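A closer look at the structure
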Amino acid sequence: VAVLAVFDVVHVNEVLHIIVEGESLLNDAVSVVLYKIMGVIVDSGGQLETKEYGVGFIAFLVISGGGTLIGLLYAVITAVFTRTLTHVRVVEPLVVFFFAYLSYLTAELFHWSGILAIIFCGFGMRHYVEENISRKSHTTIKYFMKMLAVISESVIFMFLGLALCTVEFDINWGFIGFSIILCLFFRLLWWYPSYTFLTCSG
């Protein structure tokens, strides 16, 4: 969030901004999916046989893939629907928000990844819906989403701060340090190829 805020202030390259934001969103989505799977493992007593590792991997693919397909499906539906609104431009932002949120609800209904659904719905809308709506609708959607993002981030960090002050944690510094090292390692592993790709393509 801090990096994206700095990017907005200094107006970095749009492609770089999209890559960083997309990577952070996908990280969040994958983390939620893995958290759900780990929750099921803990509820089962933590005793796993070899075949259950395979089942967990397949469940991960199904939850992620299902959410992705739902998002893309709703992006296509929105693209088709917005082509019929040429005489009712005023409802275009409502239609975009409605189908985006509906993709999230549908994915959660099937216990798939709602975050991935809404991310890929947004990706699809960027390519196929943006051309169908008016400039005023585009501006309305853009700034309304920015406002929602700022409000959501503020509420999330407020609750995180309250939780740190009111909840007692059993802190495992070794686990925290190991997690930070892994995060930095895989972030570097991702960013060097990305930087090389951007440099060569730019």
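Just so it is clear, the model here is predicted, and its values are computed rather than measured. (Residues numbered from 1 in each chain as written. Predicted model: local features only at pLDDT ≥ 70, side-chain atom pairs only at ≥ 80, totals over all residues. Heavy atoms only, no water.)

As for the overall build of the protein chain
How we decide: A helix here means a DSSP run of H or I that spans at least four residues, while a strand means a run of E at least two residues long, and both kinds are numbered starting from the N terminus. Exposed residues in this analysis have more than 50% of their type's maximum accessible area, buried residues have under 20%, and partly exposed residues fall in between, with area computed by a 1.4 Å probe over protein chains only. Here the open area of atoms and residues is found with the Shrake-Rupley method and a 1.4 Å probe, where only the protein chains shown may cover a residue. For this count, His and the chain ends are skipped, Lys and Arg are scored as positive, and Asp and Glu as negative. A single reference atom marks each charge: NZ on Lys, CZ on Arg, CG on Asp, CD on Glu.
On a plain count of helices and strands, the protein chain comes out with 7 helices and 0 strands. Beginning at the N terminus, the succession of helices and strands in the protein chain can be written as α-α-α-α-α-α-α. Seen along its three principal axes, the alpha-carbon backbone of the protein chain occupies a region of about 60 × 45 × 40 Å. When each of the 202 residues of the protein chain is scored for burial, the buried share is 23%. A total accessible area of about 14,700 Å² is found for the protein chain, and carbon and sulfur atoms account for 73% of it. The average position of the 10 basic charges and that of the 15 acidic charges among the side chains of the protein chain differ by 14 Å.

A word on the packing of helix α2 (residues 14-43) against helix α5 (residues 114-128)
Heads up, the condition is: Axis definition: a line fit to C-alpha positions, over the contact stretch in the case of helices; interaxial angles, taken between N-to-C directions, run 0 to 180 degrees. Any angle from 65 to 115 degrees is called roughly perpendicular, while one under 35 is roughly parallel, one over 145 is roughly antiparallel, and all others are oblique. Whether two residues are in contact is decided by their heavy atoms: any pair within 4.5 Å suffices. Residues are grouped as follows: Ala, Val, Leu, Ile, Met, Phe, Trp, Tyr, Cys and Pro are nonpolar; Asp, Glu, Lys and Arg are charged; every other residue, Gly included, is polar.
Axis separation between α2 and α5 bottoms out at 9 Å; the angle between their running directions is 155°. With respect to α5, the element α2 is oriented roughly antiparallel. Facing E14, I18, L25, L26, A29 and V32 of α2, the residues of α5 in contact are I115, L116, I119, F120 and R126. Classifying every residue of the contact of α2 with α5 by side-chain character gives 9 nonpolar, no polar and 2 charged.

Examining unusual backbone geometry
Comment: phi is negative for the bulk of residues other than glycine, and the bulk of peptide bonds are trans. A positive phi angle is found at H111, which is not glycine, with a value near 60°. Looking at where H111 falls in the secondary structure, it is placed in the loop between α4 (92-109) and α5. Residue H111 is classed as exposed on the basis of its relative accessible area of 62%.

Remarks on the confidence of the model for the protein chain
Here is the rule: pLDDT measures how confident the predictor is about each residue, on a scale from 0 to 100.
On average, residues of the protein chain carry a pLDDT of 81, and 92% of them reach 70 or more. Taken element by element, the protein chain is modelled with least confidence in helix α1 (residues 2-10), mean pLDDT 71, and with most confidence in α4, mean pLDDT 92.

Section: the pattern of salt bridges
Convention followed: Salt-bridge detection follows one rule: a side-chain nitrogen of Lys or Arg within 4 Å of a carboxyl oxygen of Asp or Glu.
Applying the stated criterion across every chain yields a total of 2 salt bridges. A salt bridge links R89 to E92, with the shortest nitrogen-to-oxygen separation between them at 2.5 Å.

Structural notes on the packing of aromatic side chains
What counts here: Here the aromatic set is Phe, Tyr and Trp, taking the six-membered ring for Trp, and pairing holds for ring centres within 6.5 Å; pairs whose planes are under 30 degrees apart are stacked, those over 60 apart are edge-to-face, and all others are tilted.
Taken as a whole and judged by the stated rule, the model has 8 aromatic pairs. On the basis of an interplanar angle of 10° and a centroid distance of 6.2 Å, the ring pair of Y101 and Y104 is categorised as stacked. Of the two residues, Y101 and Y104 both sit in helix α4, 3 residues apart, roughly one turn of that helix. Given the relative accessible area of 29%, Y104 is considered partly exposed. Plain terms: the ring middles of F185 and F186 are 5.1 Å apart, the flat faces sit at 75° to each other, and that makes the pair edge-to-face. Clustering of aromatic rings is evident, with ring pairs tying together Y74, F81, F98 and F99.

A short note on the nonpolar core
What counts is decided by this rule: To form a nonpolar core, buried Ala, Val, Leu, Ile, Met, Phe, Trp, Tyr and Cys residues must be joined to one another through side-chain atoms within 4.5 Å.
If you look at the biggest cluster of nonpolar residues, it comprises 16 residues, and the most contacted ones within it are I70, Y74, V96, F99, C121, M125 and V129. Going through the elements one at a time, α3 (50-82), α4 and α5 are the ones with two or more residues in this core. Looking at this core element by element, the count peaks at 5 residues for α4. In this view, F99 contacts Y74, I77, T78, F81, C121 and M125; residues no more than four positions away in its chain are not counted.

Some remarks on α2
For clarity, the cut-off: To estimate the expected span of a helix, subtract one from its residue number and multiply by 1.5 Å.
Taking 1.5 Å of rise per residue, the 30 residues of α2 would be expected to cover 44 Å, and the 43 Å separating its terminal C-alpha atoms lies within 8% of that figure. Every buried residue of α2 is listed here: H17, V20, G22, E23, A29, V33 and I37.

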